[in-house]
Amino acid sequence: PRLLSQFFFADERVTQVVAEINGLDAELDPQQYLILLNQLHLSQAHLLAVLEQIMEECIPTQRHSRDYLVKFPEELLVGNLGNHMLFAAECLLAGTFLEMEEADGAQLRPQARKLLCSLDLVRTVLREQSLNQPSSYTEPVRAVLVQFDRLFAEFELSYVSSMVVVKSPEEIYRQQEIIVLFCETAGRALRLGYVTQEMIDGYEPLLMFTIPRLAIISGLLIYPEGPLSLERSPEQMSRVFSPFYNLLKKIRDLLRVLSAKELCLLERSLCTAE
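The structure presented is a predicted model; accordingly, all values stated were derived computationally and were not measured.

A closer look at the overall build of the protein
Scanning the protein from terminus to terminus reveals 10 helices and 0 strands. Helices and strands appear in the protein in the N-to-C order α-α-α-α-α-α-α-α-α-α. Relative to its length of 274 residues, the protein is extended, with a C-alpha radius of gyration of 26 Å against a globular reference of 19 Å. With respect to the three principal axes, the spread of C-alpha positions in the protein is 75 × 45 × 40 Å. The proportion of buried residues among the 274 residues of the protein is 37%. For the protein, restricting intrachain contacts to residue pairs at least 6 apart in sequence, the fraction spanning at least 24 positions comes to 70%. When the accessible surface of the protein is summed, it comes to about 16,000 Å², and 58% of that surface belongs to carbon and sulfur atoms.

Description of the state of the cysteines
In the structure shown here, the tally under the stated rule is 0 disulfides. The thiol sulfur of Cys91 is not disulfide-bonded, and the nearest other cysteine sulfur, from Cys117, lies at 16 Å. Using a relative accessible area of 47% as the deciding quantity, one classes Cys117 as partly exposed.

A short note on the packing of helix H2 (residues 30-58) against helix H5 (residues 139-163)
Packing of H2 against H5 leaves a shortest axis separation of 11 Å and a crossing angle of 120°. On the basis of their axis angle, the class for H2 and H5 is oblique. The handedness of the crossing between H2 and H5 comes out as left-handed. Contact residues: Leu51, Ile54, Met55 and Cys58 in H2; Arg142, Leu145, Phe148 and Asp149 in H5. Classifying every residue of the contact of H2 with H5 gives 6 nonpolar, no polar and 2 charged.

Remarks on the pattern of salt bridges
As enumerated under the stated definition, the model contains 14 salt bridges in all. For the salt bridge of Arg63 with Glu56, the shortest nitrogen-to-oxygen distance reads 2.6 Å. Take Glu56: its relative accessible area is 45%, and that puts it in the partly exposed class. Glu139 is the salt-bridge partner of Arg142, the closest N and O atoms lying 3.5 Å from each other.

Observations concerning the side chain of Arg188
Within the secondary structure, Arg188 is located in helix H6 (residues 169-192). By relative accessible area, which is 13% here, Arg188 ends up buried. Here Arg188 is in contact with Tyr194, Ser218, Ile222 and Glu267, once residues within four sequence places are set aside.

Some words on the environment of Phe87
Along the chain, Phe87 falls in helix H3 (residues 81-93). Each C-alpha atom of the pair Phe87 and Ala19 lies 17 Å from the other, and the pair is 68 residues apart in sequence.

Some words on the nonpolar core
Counting residues in each nonpolar core, the largest one holds 44 residues, and the members touching the most others are Leu51, Ile54, Leu126, Leu145, Phe148 and Phe155. Among the elements of the structure, helix H1 (3-22), H2, H3, helix H4 (102-132) and H5 are those that each provide at least two residues to this core. Residues contacting Ile54, with those up to four places away along its chain left out, are Leu3, Leu4, Phe7, Ile59, Leu126, Tyr137 and Leu145. The next biggest cluster of nonpolar side chains, apart from the first, holds 13 residues, and it includes Ile178, Ala215, Leu220 and Leu248.

Observations regarding the domain arrangement of the protein
A common way to express how large an interface is: the accessible area buried when the components associate. Domain assignment breaks the protein into domain 1 (3-163) and domain 2 (169-271). Each of domain 1 and domain 2 has a C-alpha centre, and these two points are 43 Å apart.

Side note on the packing of H1 against H4
When two helices pack together, their arrangement is captured by the angle between the axes and the distance separating the axes. Where H1 meets H4, the closest approach of the two axes is 9 Å, and the angle between their N-to-C directions is 130°. Our classification of the angle between H1 and H4 gives oblique. Our pair here, H1 against H4, has a crossing hand that is left-handed. Two secondary-structure elements touch here, H1 through Leu4, Phe7, Phe8, Asp11, Glu12, Val14 and Thr15 and H4 through Arg123, Leu126, Arg127, Gln129, Ser130 and Leu131. Here the contact of H1 with H4 is built from residues that sort into 6 nonpolar, 3 polar and 4 charged.

Some remarks on the packing of aromatic side chains
Tallying each qualifying case throughout the model produces 4 aromatic pairs. Between the aromatic rings of Tyr68 and Phe72, the centroid separation amounts to 5.6 Å while the plane-to-plane angle is 50°, which identifies the pairing as tilted. Among the residues examined, Phe72 registers a relative accessible area of 1% and is labelled buried.

Details of the environment of Leu116
Structurally, Leu116 can be placed in helix H4. Distance from Leu116 to Leu93, taken between C-alpha atoms, is 8.9 Å for residues 23 residues apart in sequence. Aside from chain neighbours lying at most four places away, what touches Leu116 is Leu86, Ala89, Glu90 and Leu93.

About the thresholds
- Going along each chain's sequence as written, the residues are numbered from 1 onward.
- Selection of residues for local features in this predicted model requires a pLDDT of at least 70, selection of side-chain atom pairs for listing and counting requires 80 or more, and totals for whole chains, interfaces and linings are taken over all residues.
- Where side-chain values are given, they derive from all heavy atoms of the structure, hydrogens and water being excluded.
- The secondary structure listing takes helices from DSSP runs of H or I that are at least 4 residues long and strands from runs of E that are at least 2 residues long, numbered from the N terminus.
- Our radius of gyration is a C-alpha quantity, and the globule rule it is checked against amounts to 2.2 Å times the number of residues to the power 0.38.
- Only protein chains enter the accessibility calculation, which uses a 1.4 Å probe; a residue is then buried when its area is under 20% of its type maximum, exposed when over 50%, and partly exposed in between.
- Residues count as neighbours in contact if any of their non-hydrogen atoms are within 4.5 Å of one another.
- The Shrake-Rupley method, run with a 1.4 Å probe sphere, supplies the accessible areas, and residue values consider only the shown protein chains as cover.
- In what follows, a disulfide is any cysteine sulfur pair within 2.5 Å.
- Comment: axis = line fitted to C-alpha atoms, over the contacting stretch for helices; angle = value between 0 and 180 degrees taken between N-to-C directions.
- Angles are sorted into four bins: roughly parallel if under 35 degrees, roughly antiparallel if over 145, roughly perpendicular if 65 to 115, and oblique for all others.
- By definition, any crossing whose near helix is turned counterclockwise from its far helix by less than a right angle is left-handed, and any crossing with a clockwise turn is right-handed.
- Nonpolar residues are Ala, Val, Leu, Ile, Met, Phe, Trp, Tyr, Cys and Pro. Charged residues are Asp, Glu, Lys and Arg, and all others, Gly as well, are polar.
- Salt bridges are defined as contacts in which a side-chain nitrogen from Lys or Arg sits within 4 Å of a carboxyl oxygen from Asp or Glu.
- Buried residues of nine kinds, namely Ala, Val, Leu, Ile, Met, Phe, Trp, Tyr and Cys, make up a nonpolar core once their side-chain atoms join them within 4.5 Å.
- Segmentation into domains, and thus their bounds, comes from an automatic or database assignment.
- Whether two aromatic rings pair depends on their centres lying within 6.5 Å, for rings of Phe, Tyr and Trp, where Trp uses its six-membered ring; planes under 30 degrees apart make the pair stacked, over 60 edge-to-face, and the rest tilted.

Here is the structure:
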């Protein structure tokens, strides 16, 4: 159950797979080579997962900030981003640029080298610690973990920024405005009886349709200065809504001619999945 013991065996597995890959002729047995590559990917992912737990246990207050993750596209945060970063660093150090301009890769290579050297040092000191004092962490161990955590975060931000367009502070603020709009819409829907607290507490799937539909009406009529403000240009709106700028104008014009009773009937009709 001790994390250092888990790390020792995870590290042993990575070392074993690397040795098997180095002893294999990929041209003579390409299928076995691909199998070993997949095993390496899985074993490295497990190693990083255990290392993450160790850092949370050993240096919880000294972790490098990961606030920059809010700038990344959501699809990047779904998979194992950490393991992908390690693979990218290894490729850069080997001179392979994955979907990246050579100039960008050359600029990132020093960071990749520092990161991988730091990881090697972490593996060495943690192996020694696991064999000598598996129940505690020494100050040298803490120091190398702090350094690795910082280098990993710096490389992650630099690498992703060179590969994709990260969100600007303005876009992040616009997304926060949308979150506020959806919260206000949910509160209003509760007050008017469109939804119930039980539906919200139970994560009723219908709400995935109901709240966004009601939020459009709220954003156009009730909170016109919010993220759906049509006084802004499309470029100043969130990318969630900017492609529908002209359509939103037409919807607003139609909503303005409705009576209070008609608006209520419309909103209730929008609370169905049809």
